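# A closer look at the structure
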Amino acid sequence: MASPKYEPAGDQRFRLVVEAAPNAMVMIDRAGNIAMINTQAERLFGYSPAELVGQPVEMLVPERFRSHHPELRRAFFADPRPRPMGAGRDLYGLKKDGSEFPVEIGLNPIETDEGTMVLSAIVIDIAARKAAELALRESEQRFRLVVEAAPNAVVMIDRAGKIVMVNTQAERLFGYSRAELVGQPVEMLVPERFRNHHPELRKTFFADPRPRPMGAGRDLYGLKKDGSEFPVEIGLNPIETDEGTMVLSAIVDITARKAAALALRESEQRYSMLVDGVTDYAIYMLDPNGVVTNWNRGAQRIKGYRTEEIIGQHFSCFHTEEDRAANVPQQSLEIAARDGRYEAEAWRVRKDGSRFLANVVIDAIKDDSGQLIAFAKITRDVTERVQAARKLEEARISLVQSRAEEALRRVQAELARVARVATLGELAASIAHEVNQPIAAVVTNAGAGLRWLAAQPPDLGEARQTFERIIKAGSRASDVIGRIRALVKKAPVLKDRLDINETILEVVALTRSEGERHRVSLQTQLAGDLPLIPGDRIQLQQVILNLIVNALEAVSGVGEGPRELLITSGKDAAKGVLVAVRDSGTGLDSVSLERVFEAFYTTKPDGMGMGLAISRSIIEAHGGRLWATPNVPRGAVFWFTLAVEDRSSPPVVDDGSASTN
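Keep in mind the model is a prediction, meaning the values are calculated, not measured. (Residues numbered from 1 in each chain as written. Predicted model: local features only at pLDDT ≥ 70, side-chain atom pairs only at ≥ 80, totals over all residues. Heavy atoms only, no water.)

What follows concerns the side chain of Arg 563. Along the chain, the position of Arg 563 falls in the loop between helix H19 (537–556) and strand E22 (564–571). For Arg 563, the side chain forms a polar contact with the main-chain oxygen of His 518, separated by 2.9 Å. Residue contacts for Arg 563: discarding those within four places in its chain leaves His 518, Arg 519, Val 520, Ser 521, Val 555, Ser 556, Val 558 and Ser 584. (Helix = DSSP H or I, 4+ residues; strand = E, 2+ residues; numbered from the N terminus. Polar contact = N/O pair within 3.5 Å; in protein donor to acceptor, adjacent residues only side chain to side chain. Contact = heavy atoms within 4.5 Å.)

Here the focus is the pattern of salt bridges. Counting across every chain of the model gives 23 salt bridges. The closest approach of N and O atoms between Glu 100 and Arg 64, which form a salt bridge, is 2.7 Å. Residue Glu 100 is found in strand E6 (residues 100–112), and its partner Arg 64 is found in the loop between helix H3 (49–52) and helix H4 (69–78); the two are separated by 36 residues along the sequence. Given the relative accessible area of 47%, Arg 64 is considered partly exposed. Glu 502 serves as the salt-bridge partner of Arg 537, at 3.5 Å between the closest nitrogen and oxygen. Of this pair, Arg 537 sits in helix H19 while Glu 502 sits in helix H18 (residues 500–517); the two residues are 35 residues apart in sequence, bridging distant segments of the chain. Here Arg 537 falls in the partly exposed class, since its relative accessible area comes to 26%. Each of Arg 306, Glu 308, Glu 309 and Lys 351 takes part in salt bridges that share partners, so that together they form one network. (Salt bridge = Lys/Arg side-chain N within 4 Å of Asp/Glu carboxyl O. Buried < 20%, exposed > 50% of the residue type's maximum accessible area, 1.4 Å probe, protein only.)

A separate point is the pairing of strand E14 (residues 282–286). Of all 5 residues making up E14, 5 are buried, and the element is well covered by its neighbours. The alternating pattern of E14 places Ala 282, Tyr 284 and Leu 286 and Ile 283 and Met 285 on opposite faces, both of which are buried. Here E14 runs beside strand E18 (residues 372–381); their pairing, made up of 5 bridges, is antiparallel. Across the sheet, residue Ala 282 finds its bridge partner in E18, namely Thr 379. In this structure, E14 lies alongside strand E15 (residues 292–295), joined through 3 bridges in antiparallel fashion. (Pairing = 2+ DSSP bridges.)

Orientation of H18 relative to H19, taken along the N-to-C sense of each, is 35 degrees, at an axis distance of 9 Å. The crossing of H18 and H19 is right-handed. Side by side, H18 and H19 meet where Glu 502, Thr 503, Ile 504, Glu 506, Val 507, Val 508, Thr 511, Glu 514 and Gly 515 of the first sit next to Arg 537, Gln 541, Ile 544, Leu 545, Ile 548 and Leu 552 of the second. Among the residues forming the contact of H18 with H19, the class breakdown is 7 nonpolar, 4 polar and 4 charged. (Axes fitted to C-alpha atoms, helices over the stretch in contact; angles between N-to-C directions. Left-handed = near helix turned anticlockwise from the far one by under 90°. Nonpolar A, V, L, I, M, F, W, Y, C, P; charged D, E, K, R; others polar.)

Further remarks concern the sheet that holds strand E23 (residues 577–583). Across the sheet, which stays open at both edges, the 5 strands sit in the order E20-E22-E23-E25-E24 with mixed pairing between neighbours. If you trace the sheet from one side to the other, it starts and ends with strand E20 (521–526) and strand E24 (625–630), each paired once. Going from strand to strand, the sheet's axes swing by 15 degrees on average, the running direction of each strand aside. Bridge count for E23 against strand E25 (residues 636–642) is 6 bridges, and the pairing is antiparallel. Residue pairing for E25: Ala 580 is matched across the bridge by Trp 639. Strands E20, E22, E23 and E25 of the sheet are contacted by H18, whose axis makes an angle of about 170 degrees with E20. The sheet contacts of helix H21 (residues 611–621) involve E24 and E25, and relative to E24 the element is tilted by about 130 degrees.

For the bond from Val 632 to Pro 633, the omega torsion is 10 degrees, close enough to zero to count as cis. The topology assignment puts Pro 633 in the loop between E24 and E25. Look at Asn 327: it is not a glycine, yet its phi comes out positive at around 60 degrees. Positionally, Asn 327 belongs in the loop between helix H12 (321–325) and helix H13 (328–339). Take Asn 327: its relative accessible area is 39%, and that puts it in the partly exposed class. Backbone geometry places Arg 519, a non-glycine residue, at a positive phi of 55 degrees. Residue placement: Arg 519 occurs in the loop between H18 and E20.

Counting through the fold element by element, Val 349 comes out in strand E16 (residues 341–349). A relative accessible area of 14% means that Val 349 is categorised as buried. Taking the C-alpha atoms as reference points, Val 349 and Thr 320, separated by 29 residues in sequence, lie 6.0 Å from one another. What Val 349 contacts, discounting residues up to four positions off in sequence, is Cys 317, Phe 318, His 319, Thr 320, Ser 354, Arg 355 and Phe 356.

What follows covers the nonpolar core. Within the largest apolar cluster, 37 residues are counted, with the highest numbers of intra-cluster contacts made by Leu 547, Ile 548, Leu 565, Phe 638, Phe 640 and Leu 642. For this core, the secondary-structure elements that each account for two or more residues are H18, H19, E22, E23, H21, E24 and E25. Residue contributions to this core peak at 10 residues, all from H19. (Core = buried A, V, L, I, M, F, W, Y, C linked by side-chain atoms within 4.5 Å.)

A separate point is the pairing of E24. Where E24 and E25 come together, 6 bridges link them in antiparallel fashion. Residue pairing in the sheet places Pro 630 in a bridge with Ala 636 of E25. Counting the residues that bridge the hairpin from E24 to E25 gives 5 residues, and of these Gly 635 lies at a positive phi of roughly 105 degrees.

Two elements in contact, H19 and H21, have axes separated by 9 Å at closest approach and are oriented at 145 degrees. The hand of the H19/H21 crossing is left-handed. In this structure, H19 contributes Gln 539, Leu 540, Gln 542, Val 543, Asn 546, Leu 547 and Asn 550 to the contact, and H21 contributes Gly 611, Leu 612, Ile 614, Ser 615, Ile 618 and Ile 619. Residues belonging to the contact of H19 with H21 are distributed by class as follows: 7 nonpolar, 6 polar and no charged.

All told, the structure shown has 11 aromatic pairs when counted by the stated rule. Ring geometry for Phe 65 against Tyr 92: centres 6.1 Å apart, planes inclined by 5 degrees, an arrangement best described as stacked. Here Tyr 92 lies in strand E5 (residues 91–94) and Phe 65 lies in the loop between H3 and H4, a separation of 27 residues in the sequence. Using a relative accessible area of 23% as the deciding quantity, one classes Phe 65 as partly exposed. Joined through ring pairs, the aromatic side chains of Tyr 284, Trp 295, Tyr 305 and Phe 318 make up one cluster. Directly above the aromatic system of Tyr 221 lies the positively charged group of Arg 193, at a separation of 5.7 Å from the ring centroid. Taking NZ or CZ as reference, Lys 224 lies 4.4 Å from the ring centre of Phe 230, over its face. (Phe/Tyr/Trp six-rings, centres within 6.5 Å; stacked < 30°, edge-to-face > 60°. Lys NZ or Arg CZ within 6 Å of the ring centre and 35° of its normal.)

Moving on: the side chain of Thr 568. Residue position: Thr 568 is located in strand E22. The exposure class of Thr 568 is buried, given its relative accessible area of 18%. In this structure, Thr 568 is in contact with Gln 525, Leu 526, Leu 578, Val 579 and Ala 580, ignoring residues within four places of it in sequence.

By themselves, these are just geometric observations and shouldn't be taken as functional.
Laid out in structure tokens, this is it:
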């Protein structure tokens, strides 16, 4: 095909075509001089035609490139055909103001009437394109940096299921290098038994490309290079690329989380077994609306409902019709939520409709932000205490009528146990607190454990510490319940060689919360070199418990001044053991000091008058002595001694004829 004729003076149409061209055009002769430019070239370079025509074309080229031009021009005129200039090189133009800009240049030969070849250069400013390409490269680089910095393994897959990109975390997780993965089917990272599901899952995703978890409700597994499998969670996200939509898979190894969740379930199971094993107390949980959420065997025994019958029911079904009519159930929850605890002694109703007298404690359980999450409820059947009071009256009449020693011993045995039950009844709130505290700690720590496990990644160190705290709290609750059962049950006299300090401390542990409730400072000063003494642990604990409870009541009646209770131990003059319970309470007058150990004598409006009488008989049965003196400057001191040698008379407190409860 013949080249177009260049006629500078004659072809007006050619000039119109050149002028109408959308890009800058510069015509150059064989000598490299500019023969013609169009308006676009004027705008691009900033020169007028008068400033350019006849000038060497190198004036439009940055100086560092000018030396190449003569050689490039000779090569073009030696083979005059359309071609791009400087293929593979970065080309730049030079404006009149001295600024440079990137260009693309297309070369075309033009034949004149004289046969002279003229070079027509089409010059395109590609600064905007270069900027866009740079922005795209930077965007891709940022994307790769983000993927590389991701804490989880990331694998990008195309529509065909081929791996396009992986990050370092994916290399570490699966054990492959990038070179081994890129271009391979993603199924190489999936156990064989799951591979046939992948094409359909991929098809579903690309039909509706939106972020979602993969295989919701299924157990997913990855396959390492060494052939081992591990559980995973996978999140799918669509990514738009120049090659079309792809899927970015974020893969999390949940092996540790699975193990931690299993440990949590086992821990919760152990806790449930501990609580369920308690049969003396009804222990159960309520949601914030009062609906029963769990139920132990003690609750089943006391209230008569099986677990499957009561879960999901409102706890008001345990209340009498009168209480429900007075809105007592709702009021009790409101008080617990407001004050943290609700305590009461009231009649409750069993499944069969029978009533029993119950000691009730409701504790509110709240999260770290103070939001109410549940109620812990403990109920104890104290009907036996009422019946015991009736038995006490009957025994007192029998004592007056018969005066028989055997009857007296049996009555005293029953009275001793009744006194223990009554004393523990007075401490019900504190004992419930001692049990509720570790139970609340178990629930709170279990919630904390779930949060540590739900973190990304799971914090196994914190979770492990949480489980250890759960076990410790459960053991603490079990110890408290064990001490209570030992004091309440019927048992024959069992003498052993005892450490009196250890016996004192076990009772102090049961009563410390009661002291805190009355704002009493309960202290001990126990000698460290005391001999072992022969005695019955339960009976001696009953004496100590009775003296501490009496002292707490005396101190709590003080309006001003210190509230103190001090328990000391040491040796007496006969090398036996001397124990003193010293309080700063209201004290005893001279008459009370003489009569306080008499049976049925009491200074309390609701007392039975048997506690100190029974305590004295226990101490005397152990070969010791119990007496009281004023404290200075205020209060009373109760003293008792115990012999190291077994000089006791036959036991008059518990003859062992009663069966174990």
